Amino acid sequence: MLFKETVMDKRIGDILVVSFALFAMYFGAGNLIFPPTLGSVSGSQWMLGFFGFLLSEVGLTICGLIAITLTEGSADKFSEGLPRWLVVFIFSAISLIIGPLYAIPRTAATTFEIAFLPVAQTSFGATGVMMTGVITKILFFAITLIFVITPSNIIDKIGKLLTPFLLVALTFLILKGVFFPLGQAAGGKSDMNIFAFGLQQGYQTMDALATVLFGVMLVNTMKEKGYSSGKSLFRMSAVASIVACLGLALVYGGLTYLGATANSVIPANAERTTRLVLLAEQLWGPIGGVILGFSVALACLTTAIGLVVPFADYFSKLLKVPSKVLAVVAVVLSFLISLKGVEDIIKFAGPVLEILYPIMVVLIFMAFFRNIVPNFWFKRGAVIGTVVVSVALAIFSVVGNSLPTWFGSLIKSLPLYNLGFAWLVPAVVCGLGAGFIGMACGAKKE
């Protein structure tokens, strides 16, 4: 009996450590700055907007992690059936965009603008503010590099050392706003599709893109802890994923509610980082900035650590370069890009996400049915259809006014365009069409 209790205690402990680590790695800069703005825009309809956010963010994250678990943590099995060049292109692009080209530098820029910029603006001149930003980001990435230089125990380090502090800081902020709200959940933009806006805000966090990288780390960590058999590995990984995502959902809901109830005291046109700072100050007074800065620093730091490691590992295998060298390259490049600031960094991501996010959703969906699909042409057709439409959507969003009228009319006529899922029907049609043609030609899984 004692042995059984000891085994159960070990399992619970392993789940908590790994789920805390997953929570911390996912809950980074994007997760902090988007929910309050979602709440502000949604106003009295904040629950509808949050449901859209929950579906595209938490729902797809859980599906992605479980899909990777079903493929036993193998990125090759996850993408099997696609041409090698396409796989390399997709995962290289994802690794770069959630790595040193966007997500990692955004963490440092957000940390500075929320935790240090308000103090710098009141204490120094313009030159002093700029120097404070440079020094803050150097320290941020120096700490990041210390954690990632020996990545073998990275998940345990994040889960045991950083996540508890993050949870406590966020809990204080959210509970004050829930029990002592700044106002009624009112206002918002009545002329907007709030559900669709929530879906789009969930996309901006990029968590679905990170599921492959984080999912591989999750499965490998569970294997290191002794869960090597198919059933135990799947069960432990799935439970840890669900626990982490439930924690994310609670925090997202709290921050969205805080944004909705602050419409009467915070300007509607406030930028994302400014809104967070004002929200904390309205709730806690001077100490609010300290609590928020502490939360942001930990959230962004844990995310940066979690993103550098898989980036370095992926390109190390692809380019045959030592992972430690690539970790240093990622940190240096991230530092340089972080000097641009949050809003400038975010502007770059929109069109890229319109292409990559739908592809990842298709790959996640196909992973669930990899054992029953007769041939890989179903996946190939779905990915091709998704890529064509997603690229067209990205082009339309960037230079739509310069394109012929018929092109815009065609894009807007696609089913589910208003919900942000214009790629879905073409993906299904192309996938089924290519798959059935493959069956008629006798194609089988290679």
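The preceding data block contains the structure.
These remarks concern the structure in this document. Please read all numbers here as calculations on a predicted model, not as lab measurements. (Residues numbered from 1 in each chain as written. Predicted model: local features only at pLDDT ≥ 70, side-chain atom pairs only at ≥ 80, totals over all residues. Heavy atoms only, no water.)

**Some thoughts on the environment of G99**
(1) Moving on: You can see G99 is positioned in the loop between α5 (84–97) and α6 (103–123).
(2) Moving on: A C-alpha to C-alpha distance of 6.3 Å links G99 and F311, two positions 212 residues apart in sequence.
(3) Moving on: Sequence-distant contacts of G99, that is, excluding residues within four places in its chain, are made with I94, I104 and P105. (Helix = DSSP H or I, 4+ residues; strand = E, 2+ residues; numbered from the N terminus. Contact = heavy atoms within 4.5 Å.)

**Focus on the state of the cysteines**
(1) Moving on: Taken as a whole and judged by the stated rule, the model has zero disulfides.
(2) Moving on: With no disulfide partner, C245 has as its closest neighbouring cysteine sulfur the one in C63, 9.3 Å distant.
(3) Moving on: Relative accessible area serves as the criterion here: at 1%, C245 is assigned to the buried category.
(4) Moving on: Cysteine C441 is unpaired, with the sulfur of C430 as its nearest cysteine sulfur at 16 Å.
(5) Moving on: Using a relative accessible area of 65% as the deciding quantity, one classes C441 as exposed. (Disulfide = S-S within 2.5 Å. Buried < 20%, exposed > 50% of the residue type's maximum accessible area, 1.4 Å probe, protein only.)

**Remarks on the nonpolar core**
As a rule of thumb, soluble globular proteins bury nonpolar side chains together.
(1) Moving on: With 133 residues, the main nonpolar core has L22, F27, F78, I98 and L209 as its most contacted residues.
(2) Moving on: Once residues lying within four places of it in the same chain are set aside, the contact partners of L22 are L65, F214, L218, A240, S241 and A244. (Core = buried A, V, L, I, M, F, W, Y, C linked by side-chain atoms within 4.5 Å.)

**A word on the packing of helix α10 (residues 207–224) against helix α15 (residues 342–368)**
(1) Moving on: Axis separation between α10 and α15 bottoms out at 8 Å; the angle between their running directions is 55°. The angle between α10 and α15 falls in the class oblique. Like other packed secondary-structure pairs, α10 and α15 cross with a definite hand, here left-handed. Taken together, the residues of α15 that come into contact with α10 (itself represented by A208, L209, T211 and V212) are L353, L356, Y357, M360 and I364.
(2) Moving on: In terms of residue class, the contact of α10 with α15 is built from eight nonpolar, one polar and no charged. (Axes fitted to C-alpha atoms, helices over the stretch in contact; angles between N-to-C directions. Parallel < 35°, antiparallel > 145°, perpendicular 65-115°, else oblique. Left-handed = near helix turned anticlockwise from the far one by under 90°. Nonpolar A, V, L, I, M, F, W, Y, C, P; charged D, E, K, R; others polar.)

**A word on α6**
(1) Moving on: Over its 21 residues, α6 runs 29 Å from end to end, which matches the ideal 30 Å to within 8%, given 1.5 Å per residue.
(2) Moving on: Approximately 55° is the largest bend angle found in α6, and it occurs at F116, with the proline P118 only one to four residues beyond. (Expected span 1.5 Å × (residues − 1). Bend = angle between axes of the 7 residues up to and from the residue.)

**Observations regarding helix α18 (residues 424–440)**
(1) Moving on: Helix length check: α18, at 17 residues, gives a terminal C-alpha distance of 24 Å against a target of 24 Å (1.5 Å per residue), a fit within 8%.
(2) Moving on: Residues of α18 that are buried make contact with α15 and α16 (377–399).
(3) Moving on: Downstream of α18 by a residue or two, G442 has a phi angle that is positive, lying close to 80°.

**Quick notes on a nonpolar patch on the surface**
(1) Moving on: A surface patch of nonpolar side chains, amounting to about 650 Å² of accessible area, comprises L416, L424, V425, V428, V429, L432, F436 and M439.
(2) Moving on: By the element assignment, V425 lies in helix α18.
(3) Moving on: Since its relative accessible area comes to 33%, V425 is described here as partly exposed. (Patch = residues over 30% accessible without salt bridge, like charges linked within 9 Å, V, L, I, M, F, W, Y side chains within 5 Å. Areas by Shrake-Rupley, 256 points an atom, 1.4 Å probe, with all protein chains shown as cover. Salt bridge = Lys/Arg side-chain N within 4 Å of Asp/Glu carboxyl O.)

**Section: the side chain of T386**
(1) Moving on: With respect to the helices and strands, T386 occurs in helix α16.
(2) Moving on: Taking the relative accessible area as the measure of exposure, T386 reaches 0% and is therefore buried.
(3) Moving on: Once you skip the residues sitting within four places of it in the chain, T386 turns out to touch P358, I359, V362, W423 and A427.

**Digging into the packing of aromatic side chains**
(1) Moving on: With the rule as written, the count across this model stands at 10 aromatic pairs.
(2) Moving on: Here F378 and F436 contribute two aromatic rings whose centre-to-centre distance is 5.5 Å and whose plane-to-plane angle is 75°, an arrangement assigned as edge-to-face. In this pair, F378 sits in helix α16 while F436 sits in helix α18, placing the two residues 58 residues apart along the sequence.
(3) Moving on: The class of F378 is buried, set by a relative accessible area of 10%.
(4) Moving on: The structure contains a cluster of three or more aromatic residues connected by ring pairs, namely F311, Y314 and F315.
(5) Moving on: Directly above the ring of W377 sits R380, whose terminal nitrogen or CZ lies 4.8 Å from the centroid. (Phe/Tyr/Trp six-rings, centres within 6.5 Å; stacked < 30°, edge-to-face > 60°. Lys NZ or Arg CZ within 6 Å of the ring centre and 35° of its normal.)

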